[in-house]
Amino acid sequence: MPIKESSVIWKNGEFLPWHQATTHVLSHGLHYGTGIFEGIRVYDTPGGPRGFRLTDHMERMQDSARIYQMPMPYSAEEMVRASHELIRLNGLTSAYIRPIAYFGYGSIGVVPEEETPLDVVIAAFEWGAYLGDDGQQEGVDVCVSSWNRVAPNTIPAGAKATGNYLSGYLISREAKSRGFREGIALGVDGRLSEGAGENVFLVHRGKILTPPASSSVLLGITRDSVVTLASDLGYEVVEQPIPREMLYVADEMFLTGTAAEITAVRSVDGVALRAGAPGPVTRRLSEAFFGLFDGRTEDRRGWLEPIEPAESKIAPTGATGTMEIRNGAAVTV
Ligand SMILES: Cc1ncc(COP(=O)(O)O)c(C=O)c1O
């Protein structure tokens, strides 16, 4: 999917014109996969642009940094504030925000030397439905990948790190080459894990099932939102290890993620889901989820974070420079 460019990108405390936000070819993260990132959607709601659980995403990024012992120079709150500024400067009302932190230029070798900077970047741009508009309406055809997800105690699936996506790349690439929209992976124990970039849910005999953290999944923020909304609607949600065969006897199946939002699955390995796509439970959950963004669902937990138009100068902790906003103009200080 081509990137729809916007005007400015935030890097290490400064706003840079889109094409000047570059990095050195010998950056550590490029060679060794030492980066952590997030993906957040901003929705154009009746009350104005709202970042969906923006703070939770920035907190998960801090967790990813802790897992890899990366010295994040900005707090979650500072990242949230910088994102607000970025959305405003780019004049966006709906967007995908992509923060990333990676070891930059300074040393060669697997463990970066102390002086190697952890570069922190936030970009924001417009983005549509990840698994396609038709996928959103009619569901997608998926396959079980021949690739397993990362084994426990190898590369942590619970950290959202750039290097992890070599796994997602293989899973999704294989699925696409075989004519499927997305690939679903099993863990090394043969049980259901997750999609290349989505968590997986099944509906079986009225219960909603999803694999637990121990099944090598990223604990998705959309996953958590869906579990909460499903409980609000009175469904029983069970987190349990799921054997592969459940995929073929489930009534419904759907994928969740910031990119995929809630996308129904129509078939797995060519076997159609019993209750169609979207099935009745998936439809109800989708209505509750998307209803948050058009006002049909009450935002009972403050998940919709207003994008504050801040005019102030912010000096993030540990930043070498400062960022300054001057009446909507992108200014590098
Ligand atoms: C591997 C993987 N699993 C699950 C998810 C869903 O996470 P979230 O709902 O927080 O976007 C993502 C997307 O970020 C992902 O890349």
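Residues numbered from 1 in each chain as written. Predicted model: local features only at pLDDT ≥ 70, side-chain atom pairs only at ≥ 80, totals over all residues.

## Some details on the environment of A230
Inspection of the secondary structure assignment puts A230 in helix 6 (residues 221-232). Given 21 C-beta atoms within a 10 Å radius, A230 is considered buried. Separated by 144 residues in the primary sequence, A230 and L86 have C-alpha atoms spaced 33 Å apart. Residues within four places of A230 in sequence aside, it is in contact with I208, Y235, V237 and L285. (Helix = DSSP H or I, 4+ residues; strand = E, 2+ residues; numbered from the N terminus. Buried ≥ 20, exposed ≤ 12 C-beta atoms within 10 Å, placed from the backbone. Contact = placed C-beta atoms within 7 Å.)

## With respect to the site of the ligand
Around the ligand there are 14 residues in total, and G220, I221, T222, G257 and T258 lie nearest to it. Elements that contribute at least two residues to the shell around the ligand include exactly helix 6 and strand 14 (252-257). Examining the composition of the shell around the ligand, we find that three residues originate from one element, helix 6, more than from any other. Grouping the amino acids of the shell around the ligand by side-chain chemistry returns two nonpolar, nine polar and three charged. (Near = placed C-beta within 6 Å. Nonpolar A, V, L, I, M, F, W, Y, C, P; charged D, E, K, R; others polar.)

## A short note on the packing of helix 6 against helix 8 (residues 280-294)
The geometry of a pair of packed helices is captured by two quantities: the angle between their axes and the separation between those axes. At a closest axis distance of 10 Å, the pairing of helix 6 and helix 8 adopts a crossing angle of 110°. When the interaxial angle is binned, helix 6 and helix 8 end up roughly perpendicular. Every pair of crossing elements has a handedness; the one defined by helix 6 and helix 8 is right-handed. Across the interface between the two elements, S225, V226, L229 and A230 from helix 6 touch L285, A288 and F289 from helix 8. Partitioned by chemical class, the residues of the contact of helix 6 with helix 8 number six nonpolar, one polar and no charged. (Axes fitted to C-alpha atoms, helices over the stretch in contact; angles between N-to-C directions. Parallel < 35°, antiparallel > 145°, perpendicular 65-115°, else oblique. Left-handed = near helix turned anticlockwise from the far one by under 90°.)

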